[in-house]
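Observations on chain architecture
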Amino acid sequence: MKRIEVVAAIIHKGDKILATQRGYGEWKDFWEFPGGKMEAGETPEEALRREIWEELETRIVVERFVKTIDWDYPAFHLTMHCYLCRVESGCLKLKEHEAARWLTKDDLDSVEWLPADRDVVKEISAYP
Ligand SMILES: Nc1nc2c([nH]c(=O)n2[C@@H]2O[C@H](COP(=O)(O)OP(=O)(O)OP(=O)(O)O)[C@@H](O)[C@H]2O)c(=O)[nH]1
């Protein structure tokens, strides 16, 4: 099966976390953490900073590794490295996504997350 390796940014601000809505493709309208595929030779941090700049014209600080998720989609196996991040500069301009929302832990269930994300979302909502 085809494998893809992706980095995802769990961007937090105060008690909220940023969720973005996919604007195209098979999973259009589902919600995710911004990010995308790693390129050859990149560290996860470099890939995250590049992706967030491309998608949101925003610079982030990558604070810490949270979790790696492995998930079988029908067409590929996904390995997704999730990092807690914060905004360094920029105003989260939506270049590719349809919408973005800052969600509190209590609101995390209010959007339809991509299937691979549901475990990590559950984990975040259990943080003290
Ligand atoms: N960025 C991101 N991708 C996720 C998440 N959860 C999840 O299953 N994915 C999957 O991981 C892949 C991310 O790669 P991508 O954003 O570069 O994907 P894409 O299909 O837009 O690719 P493309 O930019 O090459 O056209 C997609 O297949 C996406 O469905 C998530 O929380 N964030």
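Now for a description of the structure that goes with this document. (Residues numbered from 1 in each chain as written. Predicted model: local features only at pLDDT ≥ 70, side-chain atom pairs only at ≥ 80, totals over all residues. Heavy atoms only, no water.)

A few points about the site of the ligand
- Taken together, 16 residues lie near the ligand, and Tyr24, Phe33, Lys37, Tyr73 and Asp117 sit nearest.
- Interatomic distance of 3.5 Å between a side-chain N/O atom of glutamate 32 and a nitrogen atom of the ligand.
- Measuring from a nitrogen atom of the ligand, one finds a backbone N or O atom of glycine 35 at 3.3 Å.
- For the ligand, whose unbound accessible area comes to 620 Å², protein coverage reaches 77%.
- Assessed atom by atom at 2 Å from the grid points, the ligand resides in the largest pocket.
- Of all elements in the fold, only strand S1 (3-13), strand S4 (35-37) and strand S6 (77-90) reach the threshold of two or more residues within the shell around the ligand.
- A total of 3 residues in the shell around the ligand trace back to one element, the largest contributor, which is S4.
- Looking at the shell around the ligand residue by residue, the class counts come to 10 nonpolar, 2 polar and 4 charged. (Near = heavy atom within 4 Å. Polar contact = N/O pair within 3.5 Å; in protein donor to acceptor, adjacent residues only side chain to side chain. Areas by Shrake-Rupley, 256 points an atom, 1.4 Å probe, with all protein chains shown as cover. 1 Å grid on protein atoms, 1.4 Å probe; cavity = no way out; pocket = protein on both sides within 12 Å on 5 of 7 lines; lining within 4 Å. Sits in = over half its atoms within 2 Å of the grid points. Helix = DSSP H or I, 4+ residues; strand = E, 2+ residues; numbered from the N terminus. Nonpolar A, V, L, I, M, F, W, Y, C, P; charged D, E, K, R; others polar.)

Details of the side chain of arginine 50
- Note on placement: arginine 50 falls in helix H1 (residues 44-56).
- If sequence neighbours within four positions are ignored, arginine 50 has contacts with Lys37, Met38, Glu39 and Glu42. (Contact = heavy atoms within 4.5 Å.)

So, the nonpolar core
- Grouped together as the largest cluster of nonpolar side chains are 25 residues, with contacts concentrated most on Ile10, Phe33, Leu78 and Trp113.
- Residue assignment for this core shows that the elements contributing at least two residues are S1, strand S2 (16-21), strand S5 (58-72), S6 and helix H2 (118-125).
- Ignoring sequence-local partners within four residues, the contact set of isoleucine 10 consists of Ile17, Phe33, Val66, Cys82, Tyr83, Leu84, Cys85, Val120 and Ile124.
- Residues Ala9, Leu18, Ala47 and Tyr83 belong to the second largest nonpolar core, which totals 12 residues. (Core = buried A, V, L, I, M, F, W, Y, C linked by side-chain atoms within 4.5 Å. Buried < 20%, exposed > 50% of the residue type's maximum accessible area, 1.4 Å probe, protein only.)

Here we look at the environment of proline 74
- Relative to the elements of secondary structure, proline 74 occurs in the loop between S5 and S6.
- Note on proline 74: relative accessible area 76%, which makes it exposed.

A short note on the packing of aromatic side chains
- What the rule picks out here adds up to 5 aromatic pairs.
- Centroid distance phenylalanine 65 to tyrosine 83: 5.4 Å. Interplanar angle 70 degrees. Geometry classified as edge-to-face. A residue pair is termed long-range when its members are at least 10 positions apart, and phenylalanine 65 in strand S5 and tyrosine 83 in strand S6 qualify at 18 residues.
- For phenylalanine 65, a relative accessible area of 41% translates into the label partly exposed. (Phe/Tyr/Trp six-rings, centres within 6.5 Å; stacked < 30°, edge-to-face > 60°.)

Notes on H2
- Of all the residues in H2, the buried ones are Val120, Val121 and Ile124. Relative to the axis of H2, the buried residues are bounded by an arc of 105 degrees and lie together on one face.
- Looking at the packing, one finds that the buried side of H2 touches S1, S2 and S5. (Arc of directions from axis to C-beta.)

Thoughts on the side chain of threonine 104
- With respect to the helices and strands, the residue threonine 104 is situated in strand S7 (residues 99-104).
- Its relative accessible area of 19% is what places threonine 104 among the buried residues.
- Every residue in contact with threonine 104, bar those within four places of it in the chain, is listed here: Asp15 and Lys16.

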